[in-house]
Amino acid sequence: MLACILLSMTAGGCLGQTETTDPGESQDDEAMDRDARLTTRIEAAARSAKQLPERAPIEESVPVEPVPDKILQDVKADLAARTGATVDDIEVASAESVTWGDGSMGCPKPGVFYTQVPVEGYRIVLRHAGKDYDYRAASRGWFVLCEHPVGSGAPQPPGQNTM
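Residues numbered from 1 in each chain as written. Predicted model: local features only at pLDDT ≥ 70, side-chain atom pairs only at ≥ 80, totals over all residues. Heavy atoms only, no water.

A. Fine view of the overall build of the chain. Of regular secondary structure, the chain possesses three helices and five strands. Secondary structure of the chain in N-to-C order comes out as α-α-β-α-β-β-β-β. Considering only contacts within the chain whose residues lie at least 6 apart along the sequence, 54% involve residues at least 24 apart. (Helix = DSSP H or I, 4+ residues; strand = E, 2+ residues; numbered from the N terminus. Contact = heavy atoms within 4.5 Å.)

B. Layout of the pattern of salt bridges. With the rule as written, the count across this model stands at six salt bridges. The salt bridge partner of K70 is D74, with a shortest N-O separation of 3.1 Å. Separated by four residues within a single helix, K70 and D74 lie in helix α3 (residues 69-83), roughly one turn from each other. Among the residues examined, D74 registers a relative accessible area of 26% and is labelled partly exposed. Among the salt bridges present, the one from R127 reaches E91, with a minimum N-O distance of 4.0 Å. Pair noted here: R127 is in strand β3 (residues 119-128) and E91 is in strand β2 (residues 91-100), with a separation of 36 residues, a long-range link. Residues joined by salt bridges that share partners form a network here, namely E91, R127 and D132. (Salt bridge = Lys/Arg side-chain N within 4 Å of Asp/Glu carboxyl O. Buried < 20%, exposed > 50% of the residue type's maximum accessible area, 1.4 Å probe, protein only.)

C. Geometry of the pairing of β3. Across the 10 residues of β3, eight count as buried, placing the element largely inside the fold. Note that β2 and β3 share nine bridges and pair antiparallel. Looking at the pairing, S97 lines up with Y122 of β3. Bridge analysis of β3 against strand β4 (residues 131-138) gives eight bridges, and the strand direction is antiparallel. Note on β4: the bridge partner recorded for G121 is A138. (Pairing = 2+ DSSP bridges.)

D. Examining the confidence of the model for the chain more closely. Scored by pLDDT, the chain comes out at a mean of 74, with 58% of its residues at no less than 70. Here residues 50-57 is modelled with pLDDT under 50, and outside its nearest four sequence neighbours on either side it reaches four contacts, counting other chains as well. Below pLDDT 50 for its whole length, residues 152-163 participates in 15 contacts with residues either more than four positions away or in separate chains. (pLDDT = per-residue confidence, 0-100.)

E. Spotlight on a negative patch on the surface. Among the surface-exposed residues, D28, D29, E30 and D33 lie close enough to one another that they form a single negatively charged patch. Exposure remark for D29: the relative accessible area of 40% places this residue in the partly exposed category. (Patch = residues over 30% accessible without salt bridge, like charges linked within 9 Å, V, L, I, M, F, W, Y side chains within 5 Å. Areas by Shrake-Rupley, 256 points an atom, 1.4 Å probe, with all protein chains shown as cover. Lys, Arg positive; Asp, Glu negative; His and termini not counted. Charge placed at Lys NZ, Arg CZ, Asp CG, Glu CD.)

F. A look at the environment of R127. Judged by its relative accessible area of 31%, R127 falls in the partly exposed class. Along the primary structure R127 and S94 are separated by 33 residues, whereas in three dimensions their C-alpha atoms are 9.1 Å apart. Look past the residues within four positions of R127 in its chain and what remains in contact with it is D89, I90, E91, A93 and D132. At 2.6 Å, the side chain of R127 and the side chain of D132 are in polar contact. (Polar contact = N/O pair within 3.5 Å; in protein donor to acceptor, adjacent residues only side chain to side chain.)

G. Expanded view of the state of the cysteines. The full count for this structure, using the stated rule, is one disulfide. Disulfide pairing places C107 opposite C146 at an S-S distance of 2.1 Å. Looking along the S-S bond of the C107-C146 disulfide, the torsion reads about 105°, which is the right-handed sense. With C107 in the loop between β2 and β3 and C146 in the segment after β5 (143-145), this residue pair connects regions lying 39 residues apart in the sequence. Across the pair, exposure class does not vary: C107 and C146 are buried alike. (Disulfide = S-S within 2.5 Å.)

As structure tokens, this is what we get:
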């Protein structure tokens, strides 16, 4: 211990301490070194990071899984109630499995916030009296009649981002 004290007085001390004229100078240098090392690591990480797309695709068709009968029955019943038609008068023009880019299922409404994760579901187009009706359904059964789908060319409210 005595040797350490003597060394610190003459040669800069034990444990790698260096002699300085200002005790705060050593701490400032260490802080600057830490900042420089951190900046270097951040820059290296940024250079090696993979470039991510600006936004996930809105939808991806997956022709593997058929639409469950329960969902088809529910959306047909909804359209029948809206139009006054019978369920038998409504035909399924198309139905496909889709992975939607977010909780809006490609049919966002102004002022509504949606989950920003992919949603497994279905796009179902029903036809009645020569008119098509675009339904979007989540795999758990929740559905919506989509009157202004994103990317359809349908008008969007001012300020709405279509992509």
